[in-house]
Amino acid sequence: MTSDEAILSTMGLSKHFSGVKAITNLDVNVKRGRIHGLIGPNGAGKSTFFNLVSGLLPPTEGQIYLDSVNTTNLPAQAVARMGLARSFQAAMMMPDTVLENVMAGMYYYSGIDPIGTFLRRPRVFCAQEREIRQKAQEALDFVGMADSAHRWAGELVWVERQLVQIARALVLDPKLLLLDEPTSGMGLKETEELKGIIRHIRDTGVTIVLVSHDVSLVVDLCDWVTVINFGEKISEGSPKHIQSDPKVLEAYLGEEEQHA
Ligand SMILES: Nc1ncnc2c1ncn2[C@@H]1O[C@H](COP(=O)(O)OP(=O)(O)O)[C@@H](O)[C@H]1O
Ligand SMILES: [Mg+2]
């Protein structure tokens, strides 16, 4: 059973890669309108969770519901058409302009075939193209990258790539946005700017799941946090609650010791 309030629910979700248990028996409920944090040390299974719920990987076991619709084995394009958009930890860009990169998100995930439409119905192509261009420009504006629309994507620095990825997700008008380590590689000032953008996206009515291993970022931004380690949920609750949970402190202390 899924809760009406939950925009995303997973039940008993597992993903095993031969010997590796990346996700095990994970129940997550993301309530509508929230910024929901998903945290855990490196290798905890955070990106795998995103790959499962966005339809890029099939689960080994368990169920996924998006807005109470069972999307467990739907392909990524179908899940995107239902309103789920995401960014990737490694922000890949096509060798083209920034604007074309943002437009590509729309073409790929909406299933629009620009070449076929151009050949069969050139007028429809032109109208569609104009609308997509406009939306892409608006999305770039939203993330503060409007002036970079005609720059070559290959010249972007890391922070700009993250912002372009977010714009590429926003052109789809998602109801749920998954952000995978969006502040990695950012300094304090850029992180603060991005926090503002993430809050602004939430204020437009989009629910957000934010993956990060930066606890302070998550505590500052999120309404609710799920903590995983070795693919299993170890804690859940308000940022205040998880900050003082001994199981969470132990998981992160273990990570620091590994890196020491
Ligand atoms: N495609 C894959 N094939 C094999 N193992 C994988 C694959 N993707 C992830 N893993 C493994 O699953 C575990 C979780 O990885 P990941 O989800 O990337 O963690 P996180 O994003 O929390 O750092 C790791 O042990 C990782 O090596
Ligand atoms: Mg990851």
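Note that the structure is a prediction, hence the values are computed from the model and not measured.

**Let's talk about the site of ligand 1**
Right, so step 1: If you check the shell around ligand 1, you find F17, V20, A22, G40, N42, G43, A44, G45, K46, S47 and T48 and nothing else.
Right, so step 2: Counting only elements with at least two residues in the shell around ligand 1, the list comes to β2 (20-31) and α1 (46-53).
Right, so step 3: Considering every element that reaches the shell around ligand 1, the biggest residue donor is α1, with three residues.

**Thoughts on the sheet that holds strand β7 (residues 176-180)**
Right, so step 1: Across the sheet, which stays open at both edges, the six strands sit in the order β6-β7-β8-β3-β9-β10 with mixed pairing between neighbours. Where the open sheet ends on each side, the last strands, each with one partner, are β6 (84-86) and β10 (232-237). Shown here is a sheet whose adjacent strand axes are inclined to one another by a mean of 20°, direction ignored.
Right, so step 2: In this structure, β7 lies alongside strand β8 (residues 207-212), joined through five bridges in parallel fashion.

**Section: the nonpolar core**
Right, so step 1: Counting 68 residues, the largest nonpolar core has V102, A136, L140, A167, L177, I208 and L210 as the members making the most contacts within it.
Right, so step 2: If you tally residues by element for this core, the top one is helix α6 (residues 158-170), at seven residues.
Right, so step 3: Both domains that furnish three or more residues to this core are identified here as domain 1 (1-83 + 174-260) and domain 2 (92-173).
Right, so step 4: Excluding its chain neighbours within four sequence positions, the residues that come into contact with A167 are V102, A139, L140, F142, V143 and M145.

**So, the domain arrangement of the protein**
Right, so step 1: With domains assigned, the protein is organised as domain 1 (1-83 + 174-260) and domain 2 (92-173).
Right, so step 2: Placing the centre of domain 1 and that of domain 2 at their C-alpha centroids yields a distance of 26 Å.
Right, so step 3: With 10 residues of domain 1 at the interface, the matching set in domain 2 holds 11 residues.
Right, so step 4: Contributing elements (two or more residues each) for the side of domain 1 that touches domain 2: α2 (76-81) and α7 (188-203).
Right, so step 5: Sorting elements by how many residues they give to the side of domain 1 that touches domain 2 places α2 first, with three residues.
Right, so step 6: Residues of the side of domain 1 that touches domain 2, tallied by class, amount to six nonpolar, two polar and two charged.

**Re the sheet that holds β2**
Right, so step 1: If you walk across this open sheet you meet the four strands as β2-β1-β4-β5, and the pairing is antiparallel. Looking at the sheet topology across the chains shown, the edges are occupied by β2 and β5 (69-70).
Right, so step 2: As defined by bridge partners, strand β1 (residues 6-17) adjoins β2 across eight bridges and the pair is classed as antiparallel. Bridge pairing in β2 places L13 opposite L26.

**Focus on α6**
Right, so step 1: Under the 1.5 Å per step criterion, the end-to-end length of α6 is 19 Å for 13 residues, consistent within 8% with the ideal 18 Å.
Right, so step 2: For α6, the set of buried residues is V159, E160, R161, Q162, L163, V164, Q165, I166, A167, R168, A169 and L170.

**What about the pairing of strand β9 (residues 224-229)?**
Right, so step 1: Burial runs high along β9: five of the six residues are buried.
Right, so step 2: Judged from the five bridges that link them, β9 and β10 form a sheet pairing that is antiparallel. Paired with V227 across the bridge in β10 is S235.
Right, so step 3: Adjacent in sequence and paired antiparallel, β9 and β10 are bridged by two residues, among which F230 carries a positive phi angle near 50°.

**Things to note about α7**
Right, so step 1: Taking 1.5 Å per residue as the helical rise, α7 with its 16 residues ought to reach 22 Å, and the 23 Å between its terminal C-alpha atoms agrees with that figure.
Right, so step 2: Contact partners of the buried residues in α7: β3 (35-39), β7, β8 and α8 (215-221).
Right, so step 3: Once α7 finishes, G205 follows within two positions and takes phi at roughly 105°, a positive value.

**Describing the environment of S87**
Right, so step 1: Residue placement: S87 occurs in the loop between β6 and α3 (98-110).
Right, so step 2: C-alpha of S87 to C-alpha of T24: the two residues are 63 residues apart in sequence and 23 Å apart in space.
Right, so step 3: Non-local contacts of S87, meaning those with residues more than four positions away in its chain, are made with Q165, I166, A169, L179, D180 and P182.

How each quantity is defined
Residues numbered from 1 in each chain as written. Chains lettered and ligands numbered in written order. Predicted model: local features only at pLDDT ≥ 70, side-chain atom pairs only at ≥ 80, totals over all residues. Near = placed C-beta within 6 Å. Helix = DSSP H or I, 4+ residues; strand = E, 2+ residues; numbered from the N terminus. Pairing = 2+ DSSP bridges. Axes fitted to C-alpha atoms, helices over the stretch in contact; angles between N-to-C directions. Core = buried A, V, L, I, M, F, W, Y, C linked by C-beta atoms within 7 Å. Buried ≥ 20, exposed ≤ 12 C-beta atoms within 10 Å, placed from the backbone. Domains from an automatic or database assignment. Contact = placed C-beta atoms within 7 Å. Nonpolar A, V, L, I, M, F, W, Y, C, P; charged D, E, K, R; others polar. Expected span 1.5 Å × (residues − 1).

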